[in-house]
Structure formats: C-alpha cells, structure tokens
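Understanding the architecture of this molecule
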Amino acid sequence: MYCNQCEQTKNRTACTAIGVCGKVPKVAHMQDLLIHVMRGVSIYGHRAAQMGVVIDERVYDFMFGTLFSTLTNVNFDPMRFRSYILEAVGVREELKQQYLEACQKKGVAPEEFSSGPAAWFPPDGSTDEDTLDEEGKKFTLTNDVPIYGADIAGVRQMIVFGLKGMSTYARHAHVLGQDMKDIGAFVMEVFDFLENGPVEERNDLAAMLGWALKVGEANVKVMERLDIGHREQFGAPSPAQVSTKPKPGKAILVSGHDMHDLLKILEATEGTGINVYTHGEMLPAHSYPWLRKFKHLAGHFGGAWQLQQFEFPTFPGPVVITTNCMIEPMKSYKNRLFTLNDCGWPGVEHIDIARDMDRVIKLADELKGFPEADDKTEEQFLSVGFGRDVLLDNADKVIEAVKSGELKRIFVVGGCDGAEHKRNYFATLVDSLPPETVVLTMGCAKFRFNRKELGTLGTTGLPRLLDMGQCNDSYGAVVVANALAGAFETDINSLPLSIALSWFEQKAVAVLLSLLHLGVKNIRLGPVLPAFITPTVLDILVDKYQISAVDVRHPKEDLKLMMGSS
Ligand code: FSO
Ligand code: SF4
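Starting afresh in each chain, residues are numbered from 1 along the sequence in its written order. Each chain is given a letter, starting from A, and each ligand a number, starting from 1, according to the order in which they appear as written. Only residues with pLDDT of at least 70 are given local features in this predicted model, and only at 80 or more are side-chain atom pairs given and counted; all residues enter the totals for whole chains, interfaces and linings. To get the side-chain values, all heavy atoms of the structure are used, and hydrogens and water are removed first.

1. Digging into the side chain of Thr 72
Turning to its location among the elements, Thr 72 is positioned in the loop between α2 (57–69) and α3 (78–106). There is a polar contact of 2.9 Å between the side chain of Thr 72 and the side chain of Gln 506. The criterion used for residue contact is that any of the two residues' heavy atoms lie within 4.5 Å. The contacts of Thr 72, once residues within four sequence positions are left out, are Gln 5, Cys 6, Asn 324, Phe 504, Glu 505 and Gln 506. Counting from the N terminus, the helices are DSSP H or I runs at least four residues long and the strands are E runs at least two residues long. Contacts described as polar in this section are N or O atom pairs within 3.5 Å, which, within protein, must combine one atom able to donate a hydrogen with one able to accept it, while residues neighboring in sequence count only if both atoms come from side chains.

Spelled out as structure tokens, the structure:
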C-alpha cells in the first residue's frame, strides 16, 4: 500500500505497511482499485455527456459516494469496497453503452479504450476480495511518479484528493436537495483529463496547478450550495448555548457531519423518551432553529473525533456514525455502534436510516441511559451559531470596532483536529491572542479551545470566540471576509485578517484549494504541510500565495508575526 492523503501519514511521507488511521493494505488496495474504475466511469461519463447524453443524477451521486468512501476515516470494510468496485464496473459499462449509442446516432466514430481504467474487468471474472486486493496493488497513485516526475505526480494527487473532499461536500449538498449535476460532470471531466488530456498540458506543472485551482473553484460552488441546503432545510443558524451535561434517561449519540441524518433520527425518536446527543462535528446542529425545536435534542457529548475510544465507552446508549471521522471501535462499544451512508468498519452494523432506526431505538431502550440528575456536576455550555448572518447583521459594530482600534485583527483558526500533540499549537495561539482580536472558528479543530472563556470584544458585546459551524461552513468565513473587504473598499488580503488552517484530511485539501482559487494569501497551514506537496510545488505556492507552515513549537512567535502583518 501507499497512502499519503492525510496529515497524519507515516513519517510525513506515506503509510506503506498499515495506515496510521488503521487502514489495512487490503482496503488501501481496494480503494485504489475503486478510484481506478471510477476514472473509467468518468471517461465514459464525460464522453457521453459531450455527445449530448443526459447523465442520470444517480450516477453522479454514486460517484460522490464512492469517492467519499475512500476519504480518511470513512470506510474500512473490504466487503463494502468489493460491492462498490463491482457496481462501478456496471455503471461504467452502462455509460459506455450510452456513449456508443450517441456516437452511432450522430454518425461519429467512438473512441476506443482497449486498456486502462475504461477497460478494466476483474481478471478471469474473479471477484473475490483477494483478487481485487491483488489487482488494486497495480493502481497506486505513485505510478504517476516515473511518468510525470515527482512534482506533477504530487499535484495530480492533490487534484484527486481535492476531488474526494469536494465529492463529500457534494454528497451532503445533494442530500439537502441541491442540484449537483454540473459538479458531477466536472469531476468526470477532471478524471478524464488526468487520463487522456493533452500530453503537453499534463506535463506542464503550471497548467496542472491551474487544474488544482479549478477544483478549488468548483468546491466554492459546492460549499455555497451546501450552505443554501442547510438553510433551506433547517433555517439560518443563530446563536445558542449547548449544554454538555447529560440529562437523565435513555440516550442516542450521533456523530459525523450529516444533519439530514440527524433530522431523521430526531423524527424517529420523537415521543419515545429517548434523548439525542450530538458528538464531534454534529455540534453545530444546535445552531439550526428547525433542529433545535426537537426538545429531545438534549445536548452535546464529548470532543473531537480522535477521542472516540475514550468517550464512546462511557456513553450509555447506541452511537450512530453518519460520516467521518471514524476510528477503530473498541470491544466495549462495538456492538452498540452503527454506521450510515458510506461509512463502515468490519463487524460494525451498517444500517439504512429509513429502514433500521427501530433497531437503534430498541437498543437505546435496553441500555442503561444516563442516571438520575447529578447535582454536583456543574452544567457547562458551548456557544455555537455565529454563522455568516449573525456576523453580517453585526457588520456595523465590527467595522466601527476596527476604526476605533477596539478590534485590531480577526483570526480564522479552524479546520480539523487530530491526535497529535503538536495540534496544541492552535489552542496556544487562541489562548495567547490579545483582547483586541476575535477568532472565527469552524470544523473540529475548535474542540482544542472552544471551552475557553475569551469574553467579549470591547464595547461591541460580541463574543471574541465565534463558532461558525462545521468545516464545510468555511464558506461563511469567505462571505464575511468579502463583505468586510467591500465595506473597507479593499480586498481580502488587505484586511486585518489572519488564517491558521489546521488540516487533516481531503475535505481540508478541497477547502485549501478554494481559498487559493479565491486568491487568499498568507495562509498558515499545519500542524505539518501535506506530504504530496513537493519542495518545488511549495516554492511556487509560497511565491504566489505566501502560504507557510505554522511554527508548531513557537505559536507565540507566529502570533507576533500575524499581529504585525498588513
Ligand atoms: Fe473534523 Fe474529521 Fe470536519 Fe474532517 S471530523 S477532521 S476536515 O472529517 O471534516 O472537521
Ligand atoms: Fe495513512 Fe492517512 Fe492514508 Fe490512513 S488515510 S493510510 S493515516 S495517509
């Protein structure tokens, strides 16, 4: 196996024996094979679309789901990958047929693909896991290195990882009723280009970086639609105080990012007496008015994803994982863990929310639940819901505070959390901020500092720590920054704004590419830079965007530099 797609990759190079995340070689190989076959799906899908075929929306949704399944900490189950691969071959053959028919109708000679991803079939018709494992070994992303050289191969990886991250968001937006056909067509176009685009272009580093930024551009559209989808389904986010003290009674915990699943769980449990708690990236659910109206949405339990093995054993009810990040379940809770959608772990029950919620409810009833009120533990609250509306509604106050000197700098400190100690950089940074600053945060990175009391900003009454939501709500930060730039008749890069991005997996790659596409400069990225960015590519990014790695050991020095920058 060779996997370097996330921040925690082994020795900052690649996981080659087993994933730091727990991914075994067999699954890594099957994921590589799945991506290979999806390239074939894309080649025929893109060609068919060019011939005027209207691609079924379900094909795009399948594509988003398969890419999502290969993201870090989503699916570890070889059985599921076997089904994805076989289904993908079927989808590809259907698209091929549509392409051939369209060519015939138009009297055009179809392009033929006798080898490569458009022509891969299970060898000798063997579809067992071991064969697919062996086949997958042939399709690692490092195959690109001897063909294109390390720099371009790294950019090609960045493009594929960006597509994976974007597909995750696209899947969510589609579930929330947004039309994602153009994005699906774009993903197919990019995969087709990576295989069959003009050779000169594929060998030109600048052109390839241009394609990476195109992924960022498309991802801005996806995040915008996700933002619209959330609002249409659940109302505009507004500030709320979320209790972290469990209420007595039966309980279900919901983790991941999928608010639509949470809604279904709330609907299914209404009137049962079971309380529903959010975990990890589900925390922002409490900021949506139409989710809050469910009185049994009782509070938030635990911190970021990497603490699952400590926190889930103490939760006295079933735990439902809607999306990443999932880690190896311990025996103590494995039999009360359920996965949804594209998530999976061998031996963990995978359910369909529309069909199987009864089983989760039954188990919640059988398990202990939280005991009678413990009056000794003081109730603590997390503050959520400072989405773009709240900030834009208070834009006058922010602008006035900048003018009066009460607000010297706005910090965006967000992204992902992770197990490494060096991620404390972000907590120390926030801790060390002078009072004339505010912090916008999003993603699970905030769990390092969202229990801190930063107080309010000068005379504005605005909290200094403003939780804008999930990682996918970073779109809101861009809207706010654009609005402020407009008010000050300047551009984002001239605002008193500093960005420290804590990255972990491929959604963060998509967000980073979006920020670069928008021309945002001076981003500090950490805790370490992606392994797939080579020194040459880094030099280009530094030169063009002044991107830099955070100084993990000296956050206060970084802070001084940030406070002193324009
Ligand atoms: Fe965190 Fe995991 Fe939201 Fe990521 S839970 S790390 S970028 O999947 O998506 O912030
Ligand atoms: Fe390693 Fe990350 Fe790949 Fe897992 S996802 S195998 S930790 S690089």
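2. Remarks on the site of ligand 2
If a single non-hydrogen atom of a residue is within 4 Å of a molecule or strand, that residue counts as near it. Around ligand 2 there are 13 residues in total, and Cys 3, Cys 6, Cys 15, Cys 21 and Thr 72 lie nearest to it. Amino acid classes used here: Ala, Val, Leu, Ile, Met, Phe, Trp, Tyr, Cys and Pro are nonpolar; Asp, Glu, Lys and Arg are charged; the rest, including Gly, are polar. Of the residues in the shell around ligand 2, the class split is 6 nonpolar, 6 polar and 1 charged.

3. Regarding the sheet that holds strand β5 (residues 319–321)
Each pair of strands is called paired provided DSSP finds at least two bridges between the two strands. Spatial ordering of the open sheet is given by β4-β3-β2-β5-β6-β7, a layout of 6 strands whose pairing is parallel. The outermost strands of the open sheet, each flanked by one partner alone, are β4 (297–300) and β7 (349–350). Bridging between strand β2 (residues 251–255) and strand β3 (residues 275–278) involves 4 bridges; their strand directions are parallel. Its bridge partner being in β3, Leu 253 is matched across the sheet by Tyr 277. Note on definitions: angles span 0 to 180 degrees between N-to-C directions of axes, and those axes are lines fitted to C-alpha atoms, for helices only across the stretch in contact. Relative to β3, helix α10 (residues 259–269) is tilted by about 165 degrees, and along the sheet it contacts β2, β3, β4 and β5.

4. Points about the site of ligand 1
Taken together, 13 residues lie near ligand 1, and His 257, Glu 281, Cys 325, Cys 444 and Glu 505 sit nearest. Between ligand 1 and His 257, the relevant distance is 2.8 Å, taken from an oxygen atom to a side-chain nitrogen or oxygen of the residue. Its residues assigned to classes, the shell around ligand 1 shows 6 nonpolar, 4 polar and 3 charged. Taken together, domain 2 (240–366) and domain 3 (385–564) each give at least three residues to the shell around ligand 1, which thus spans both. The domain boundaries here were taken from an automatic or database domain assignment.

5. Quick notes on the sheet that holds strand β14 (residues 548–549)
Taking strand neighbours across the sheet as the criterion, the 6 strands line up as β11-β10-β9-β12-β13-β14 in an open arrangement whose pairing is parallel. Strands at the two margins of the open sheet, each flanked by one partner only, are β11 (465–469) and β14.

6. Thoughts on unusual backbone geometry
The step from Asn 324 to Cys 325 runs through a cis peptide bond, and the omega angle for that step is 5 degrees. Structurally, the position occupied by Cys 325 is in the loop between β5 and α13 (331–334). A cis amide bond links Gly 526 with the next residue in sequence, Pro 527, at an omega value of 5 degrees. Mapping Pro 527 onto the fold places it in the loop between β13 (524–526) and α20 (535–545). Unusually for a residue other than glycine, Asn 341 sits at a positive phi of about 55 degrees. Note that Asn 341 resides in the loop between β6 (337–339) and β7. In this model, Gln 546 sits at a positive phi of 50 degrees, which is unusual for a non-glycine residue. Residue placement: Gln 546 occurs in the loop between α20 and β14.

7. Examining the side chain of Glu 135
Here Glu 135 shows up in helix α4 (residues 129–136). Per-residue accessibility, obtained with a 1.4 Å probe over protein chains only, is compared with the maximum for each type, and a residue is labelled buried under 20%, exposed over 50%, and partly exposed between these values. Residue classification places Glu 135 among the buried residues on the basis of a relative accessible area of 10%. The residues touching Glu 135, leaving out its near neighbours within four places in the chain, are Leu 33, Trp 120 and Pro 123.

8. So, the nonpolar core
What makes a nonpolar core is a set of buried Ala, Val, Leu, Ile, Met, Phe, Trp, Tyr and Cys residues whose side-chain atoms join them at distances within 4.5 Å. Ile 159, Leu 163, Leu 291 and Ile 523 are the most contacted members of the largest nonpolar core, which has 157 residues in total. Setting aside its immediate chain neighbours within four residues, Leu 163 contacts Leu 67, Phe 186, Val 187, Val 190, Phe 191 and Val 215. One finds Leu 71, Phe 312, Val 319 and Cys 343 within the second-largest nonpolar core, a separate group that totals 21 residues.

9. Quick word on the domain arrangement of the protein
For the protein, the assigned domains are domain 1 (10–229), domain 2 (240–366) and domain 3 (385–564). Just the C-alpha atoms count here: the centres of domain 1 and domain 3 sit 31 Å apart. In this complex, domain 1 contributes 31 residues to the contact, which on the side of domain 3 involves 28 residues. Summed over both partners, the accessible surface that disappears when two parts come together, traced with a 1.4 Å probe, is what is meant by buried area. In total, about 2,700 Å² of surface goes out of reach between domain 1 and domain 3, with carbon and sulfur atoms giving 70% of it. A pair is scored as a salt bridge if a Lys or Arg side-chain nitrogen falls within 4 Å of a carboxyl oxygen belonging to Asp or Glu. Inspection of the domain 1/domain 3 interface yields 1 salt bridge. One salt bridge in this structure joins Asp 227 and Arg 388, with 2.4 Å as the shortest N-O distance. Taken together, the links from domain 1 to domain 3 amount to 9 residue pairs in polar contact (both at pLDDT 80 or more).

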